[in-house]
Amino acid sequence: MRGTNPSRWKYRRDITKEPSALARRGIPQRGELLKQPISQQVLQATLLEIFAHARRNHPWNPTGRTLTELFDCYGSWISPQPDRIIMGSTLAPRMASYLLPYVSERRGWLECRGIPGLRFHGLTRHGYELLHLPTDTIIEIRDRRRATIQLLEFEVRDNRDAKGFEPVWRTSGLTELEDRWGNLWLPTSHTGLYSAFFPLLPVLDSQSGRDAVFVPAPAEAARAHLSWCGTITPAEAVAYLNDLDVDVYGGPLTITSQAPGFAIASAGGISIELHQRAACIECQSSDSKWEGRPSALEEEHRQAA
């Protein structure tokens, strides 16, 4: 029998701020972990990289618009589920409209606005279902309003400059241009760890205007950086993640090293650096970027200078 003890789902709801029905739906059986398909983990890891991108410009946001700031502007909660991605929004049609893709190729240069391979899939009572074809994963975006296709179409027209870009969000299959991003949907050794932190984005949010920033690992052996300006500590972030019972390489996440405002968390031999920027000694160093430690390449250039 699925564990529906009120103390369990209410505690999870207190962390995620998701609706009670979704908190109950996403709780694994007692003594088990919430397992998600690797394809879903790939997409969640990608969304973490986009929503907490260290800079405003992103390869899928070539005009510097709001894709990288989308969750900060319109996101409210993320519900960890075993079969789909469910996000709360203050304006679901606008959030969906920025995720849906337009593609273009100019002089051999490939560009995309939105997430390649994402398609409109259907309406729910209070939201929109989007299907990501490369990972076969549903993204459901909800708000408190009645969802209509007319609202979504209006937001797409109103918020997209389609000049030179082809709208492909209604196309039945992958276009040739979208298929060129196929290698990005292959899992890496870090995928599970990055994916697990995706539901914590609202927890790592702050009221100071400086929210979670994610710096991907430059190589398989390197650690990524996840930094924020909130009130919780890295130890509390790890504890929250473990309390959600999300499967991270078959076991809990552990802290292997820590200092004021900083920790290295590991699972399955894979690690990530956690920085609470307002308290991290290294983040406050004049030699360090605000969004975290310098990359290995930046450190090499600095030492050579």
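Here is what the cut-offs are and how they apply
- Residues numbered from 1 in each chain as written.
- Predicted model: local features only at pLDDT ≥ 70, side-chain atom pairs only at ≥ 80, totals over all residues.
- Heavy atoms only, no water.
- pLDDT = per-residue confidence, 0-100.
- Helix = DSSP H or I, 4+ residues; strand = E, 2+ residues; numbered from the N terminus.
- Contact = heavy atoms within 4.5 Å.
- Pairing = 2+ DSSP bridges.
- Salt bridge = Lys/Arg side-chain N within 4 Å of Asp/Glu carboxyl O.
- Buried < 20%, exposed > 50% of the residue type's maximum accessible area, 1.4 Å probe, protein only.
- Axes fitted to C-alpha atoms, helices over the stretch in contact; angles between N-to-C directions.
- Core = buried A, V, L, I, M, F, W, Y, C linked by side-chain atoms within 4.5 Å.

### A closer look at the confidence of the model for the chain
In this model, the chain carries a mean pLDDT of 85, and residues with pLDDT of at least 70 account for 86%. For the chain, helix α10 (residues 296-304) is the element with the lowest average pLDDT, namely 47, and strand β7 (residues 137-142) is the one with the highest, namely 98. Note on residues 288-302: pLDDT under 50 across the span, and 31 contacts to partners over four residues away in sequence or across chains.

### Section: the sheet that holds strand β8 (residues 166-167)
Ordered by their spatial adjacency, three strands build an open sheet running β4-β3-β8, and the pairing between neighbours is antiparallel. Of all the strands in the sheet, just β4 (109-113) and β8 have a single pairing partner and so form its edges. Bridge analysis of strand β3 (residues 102-106) against β8 gives two bridges, and the strand direction is antiparallel. Across the sheet, the residue bridging to Tyr 102 is Pro 167, located in β8.

### Comments concerning the pattern of salt bridges
For the structure on display, the rule yields 14 salt bridges. Residue Arg 142 pairs with Glu 140 through a salt bridge whose shortest N-O separation is 2.6 Å. Exposure remark for Glu 140: the relative accessible area of 5% places this residue in the buried category. Between Arg 223 and Glu 273 there is a salt bridge, with its nearest N and O atoms 3.5 Å apart. Remark: Glu 273 occurs in strand β13 (residues 270-276) and Arg 223 occurs in the loop between β9 (213-215) and β10 (224-228); sequence separation between them is 50 residues. Look at the salt bridges and you will find they share partners, linking Arg 84, Glu 129, Glu 140 and Arg 142 into a network.

### Here's the deal with the sheet that holds strand β6 (residues 127-132)
Pairing in this open sheet of five strands is mixed, and the strands run β1-β2-β7-β6-β5 from one edge to the other. The open sheet has two edge strands with one neighbour each: β1 (75-80) and β5 (118-124). Taken over all neighbouring pairs, the strand axes of this sheet differ in orientation by 25° on average, direction set aside. By the bridge criterion, five bridges tie β1 to strand β2 (residues 85-89) in an arrangement that is antiparallel. Opposite Ser 79, over in β2, you have Ile 86 as the bridge partner. Contacting β1, β2, β5, β6 and β7, helix α5 (residues 92-99) runs over the sheet at an angle of about 145° to β7.

### Observations regarding the nonpolar core
Counting 71 residues, the largest nonpolar core has Phe 51, Met 87, Leu 99, Phe 197 and Ile 272 as its most contacted members. Sequence-distant contacts of Phe 197, defined by excluding residues within four places in its chain, comprise Leu 48, Leu 226, Leu 241, Leu 253, Ile 272 and Leu 274.

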